[in-house]
Amino acid sequence: PAEIFDVQTNVPLLHQVVVAQLAAARQGTHKTKTRAEVSGAGRKPFKQKGTGRARQGGGRPPIHRHGGTSHGPTPRSYAQKLSVGEKKNALKAALSRRVQEERLLVVEALDVESHRTKDLKAAVEGLGISGKALFVATSGNDNFERASRNVGEWKLVDPLAVNVYDVMSHGTVVVSKDALSRVVETLGGK
């Protein structure tokens, strides 16, 4: 349908969605200990006055060796908020761009008789595909999944898991007919 595969490319929206997707993939588990959490006594190392040295309240402030870290990282989520409409519109724009570049192929089915990578590579090269490729097919395709697993430039995804980053980062998108109908249904097409 034209409302999905003939949409004007909105580059700022594509950028926003890709950045949000990569940000959400970050773990955000970084952590350093503050002066309150680092191990060590809070005893005053020497008396306040009369020694000629600078006053010290303990051995674990950030200024000291083995002291805590001031303003260090704490665990947090990097996720950015995007509406469902923004995500869908960005995916429509990405798929439309692949159609305009003639790098979206629709095949009858992604079925292979053998689970050998060599056989699948020969079949894919017969389609004229080289380099990075995104294959979209419904689950239950064990031979294709096993054969494509050994090629780092290929990625096999379910129709419900298609996202903007994968479409934009892979040169060619190969979709089976039933997967295409699921993608169209998800994006609100007829």
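Structure first, text after, so check above.
Residues numbered from 1 in each chain as written. Predicted model: local features only at pLDDT ≥ 70, side-chain atom pairs only at ≥ 80, totals over all residues. Heavy atoms only, no water.

Student: Just to check I follow, could you spell out the pattern of salt bridges for this structure?
Tutor: Note on pairing: side chains with opposite charge can pair once their charged atoms come close. Counted under the stated rule, the structure contains seven salt bridges. The salt bridge partner of Glu37 is Lys31, with a shortest N-O separation of 2.8 Å. Judged by its relative accessible area of 41%, Glu37 falls in the partly exposed class. Judged by its relative accessible area of 42%, Lys31 is partly exposed. We note a salt bridge from Glu101 to Arg103, for which the minimum N-O separation is 3.0 Å. On the basis of relative accessibility, which here comes to 34%, the residue Glu101 falls in the partly exposed class. Overall, Arg103 belongs to the partly exposed group, its relative accessible area being 31%. (Salt bridge = Lys/Arg side-chain N within 4 Å of Asp/Glu carboxyl O. Buried < 20%, exposed > 50% of the residue type's maximum accessible area, 1.4 Å probe, protein only.)

Student: In this structure, what is going on with the sheet that holds strand β1 (residues 104-107)? I would like to understand it.
Tutor: What links the strands of a sheet is backbone hydrogen bonding, and the strands pair in either a parallel or an antiparallel sense. Strands sit in the order β1-β4-β2-β3 across an open sheet of four strands; the sheet is parallel. A single partner strand is all that each edge strand has here, and the edge strands are β1 and β3 (154-157). Taking the axes of each pair of neighbouring strands and ignoring which way they run, one obtains an average angle of 20° across the sheet. The pairing of β1 with strand β4 (residues 172-176) spans four bridges and is parallel. Following the sheet pairing, Val107 is matched in β4 by Ser176. (Pairing = 2+ DSSP bridges. Helix = DSSP H or I, 4+ residues; strand = E, 2+ residues; numbered from the N terminus. Axes fitted to C-alpha atoms, helices over the stretch in contact; angles between N-to-C directions.)

Student: Explain the environment of Val174 here, please?
Tutor: Mapped onto the secondary structure, Val174 falls in strand β4. You can call Val174 buried: its relative accessible area is 0%. Residues in contact with Val174, not counting those within four places in the same chain, are Leu105, Val107, Leu110, Ile129, Leu134, Phe135 and Val136. (Contact = heavy atoms within 4.5 Å.)

Student: So what exactly am I meant to see when it comes to the nonpolar core here?
Tutor: Grouped burial of nonpolar side chains is what soluble globular proteins tend to show. Counting 26 residues, the largest nonpolar core has Leu91, Leu95, Val136, Val162, Val164, Val167 and Val173 as the members making the most contacts within it. Elements that contribute at least two residues to this core include exactly α1 (2-5), α2 (11-24), α3 (84-100), β2 (133-136), α6 (164-169), β4 and α7 (177-186). When residues no more than four places from it in sequence are discounted, the contact partners of Val167 are Leu91, Ala94, Leu95, Arg98, Leu134, Val162 and Val173. Listed in part, the 13 residues of the second largest apolar core include Val107, Ile129, Ala133 and Phe135. (Core = buried A, V, L, I, M, F, W, Y, C linked by side-chain atoms within 4.5 Å.)

Student: Explanation requested: the side chain of Thr172 in the structure shown.
Tutor: You can see Thr172 is positioned in strand β4. Overall, Thr172 belongs to the buried group, its relative accessible area being 13%. Each residue touching Thr172, except ones within four places of it in the same chain, is listed here: Arg103, Leu105, Ile129, Lys132, Ala133 and Leu134.

Student: Whenever I open this one, α7 confuses me. Can you help?
Tutor: The complete set of buried residues in α7 reads Ala179, Val183 and Val184. Projected onto a plane normal to the axis of α7, the buried residues spread over an arc of 140° and lie on a single side. Of the residues trailing α7, Gly188 is marked for its positive phi of about 85°. (Arc of directions from axis to C-beta.)

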